[in-house]
Amino acid sequence: MDGCAQMCKCFLILFNILFALVGFVLVALGIWLRFGAETRGFFDIDLNTSQFIIGVSVLIITGSLMVLVAVIGDCGACSNSKSALGVFSGLLTFLIIIEIAAGVMAFMWSGQVSEELANFYRTIYAQYLNTRSPGQAMTLKLFHNTFDCCGIGGPIEVLVRDTCPEGNFLQQISFPSCPSVMQDMFNSKAPLVLGGFLGTAGLMLAALTCSSVLYSSLKSSAYSTPY
């Protein structure tokens, strides 16, 4: 095995360790979004929540697939297994295509996604005033602390002020409305999101290239081995 193949082997091992960690984080995030106390309000409103269940399922499935791909890739690199590297390359190619497609769709649909999220927030806000559900209260706190906002515009209801980000009374009544903050953030960050998806796809493409180099080196070594 030449020096280039050795470098590719080391890169593959490190890449797959990080890839597995990211996959594990996605699985944990999906489980938390579905069963966490802070997000239970997502499933406790009078709204069709199938899109959120689908989103959570995609997170868990994608994370699990990433962990599986990483394990196969590390096995192939560590044990010099051509079959494992072949499977790894095929699965990684599939993930690269998904990554690029997801980045383009996230960029093109950023306005629609922000509008849907804003409407979802308005629904929780309005229903919390009637139900005072603890799950919805924690969901509002999650939105408010994440986007540093509070309310839907105009005076903030007294019941909702307890869920606003911490601050004095003047700060709590002067927070920007969450729907406007969400829409501005999605519109301004859409190019960065696309860049993040494409950058990740680039790293995955580098790993795919290294896998091909290592596979070719192992294949050449097998042909040159005397019998």
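Predicted model, so just to flag it, every value in this text is computed and none were measured.

Thresholds, definitions, all that
Residues numbered from 1 in each chain as written. Predicted model: local features only at pLDDT ≥ 70, side-chain atom pairs only at ≥ 80, totals over all residues. Heavy atoms only, no water. Helix = DSSP H or I, 4+ residues; strand = E, 2+ residues; numbered from the N terminus. Buried < 20%, exposed > 50% of the residue type's maximum accessible area, 1.4 Å probe, protein only. Contact = heavy atoms within 4.5 Å. Salt bridge = Lys/Arg side-chain N within 4 Å of Asp/Glu carboxyl O. Expected span 1.5 Å × (residues − 1). Phe/Tyr/Trp six-rings, centres within 6.5 Å; stacked < 30°, edge-to-face > 60°. Axes fitted to C-alpha atoms, helices over the stretch in contact; angles between N-to-C directions. Parallel < 35°, antiparallel > 145°, perpendicular 65-115°, else oblique. Left-handed = near helix turned anticlockwise from the far one by under 90°. Nonpolar A, V, L, I, M, F, W, Y, C, P; charged D, E, K, R; others polar.

So, the overall build of the protein chain: which residues are in play, and what are the values?
The number of helices and strands found in the protein chain is 8 helices and 0 strands. Scanning the protein chain from its N terminus toward the C terminus, one meets helices and strands in the order α-α-α-α-α-α-α-α. A buried classification covers 36% of the 227 residues belonging to the protein chain. Taking the contacts inside the protein chain whose residues are at least 6 apart along the sequence as the reference set, 76% of them involve residues at least 24 apart.

How would you sum up the pattern of salt bridges? Please name residues and give values.
This structure, assessed with the given rule, holds 1 salt bridge. Between glutamate 115 and arginine 122 there is a salt bridge, and its shortest N-O distance comes to 4.0 Å. The class of glutamate 115 is partly exposed, set by a relative accessible area of 34%. The class of arginine 122 is partly exposed, set by a relative accessible area of 31%.

Describe helix α3 (residues 82-108), naming the residues involved and giving the relevant values.
With 27 residues, α3 extends 39 Å between its outermost C-alpha atoms, agreeing within 8% with the 39 Å of an ideal straight helix rising 1.5 Å per residue. For α3, the set of buried residues is Ala84, Leu85, Phe88, Ser89, Leu92, Leu95, Ile96, Glu99 and Gly103.

Break down the side chain of serine 211 for me, citing the residues and quoting the values.
Topologically, serine 211 is positioned in helix α8 (residues 178-224). Not counting chain neighbours up to four residues away, the residues in contact with serine 211 comprise Leu12, Leu85, Phe88 and Ser89.

With reference to specific residues and values, describe the packing of aromatic side chains.
Applying the stated criterion across every chain yields a total of 6 aromatic pairs. Among the aromatic side chains, those forming a connected cluster through ring pairs are Phe120, Tyr121, Tyr125, Phe143 and Phe147.

Mind laying out helix α5 (residues 134-147), listing which residues take part and the relevant values?
Counted at 1.5 Å a residue, the expected span for α5 with its 14 residues is 20 Å, and the 20 Å between its end C-alpha atoms agrees. Looking one or two residues beyond α5, the residue adopting positive phi is aspartate 148, at roughly 55 degrees.

Tell me about the packing of helix α1 (residues 3-35) against α3, residues and numbers included.
The contact between α1 and α3 brings their axes to 14 Å, and the two run at 50 degrees. Regarding the angle of α1 to α3, the classification is oblique. Of the two elements, α1 crosses α3, and the hand of that crossing is left-handed. Within the contact between the two elements, α1 uses Leu12, Phe15, Asn16 and Phe19 and α3 uses Leu85, Phe88, Leu92 and Leu95. When its residues are assigned to classes, the contact of α1 with α3 shows 7 nonpolar, 1 polar and no charged.

Keep in mind that these numbers describe shape and distance, not what the molecule does.
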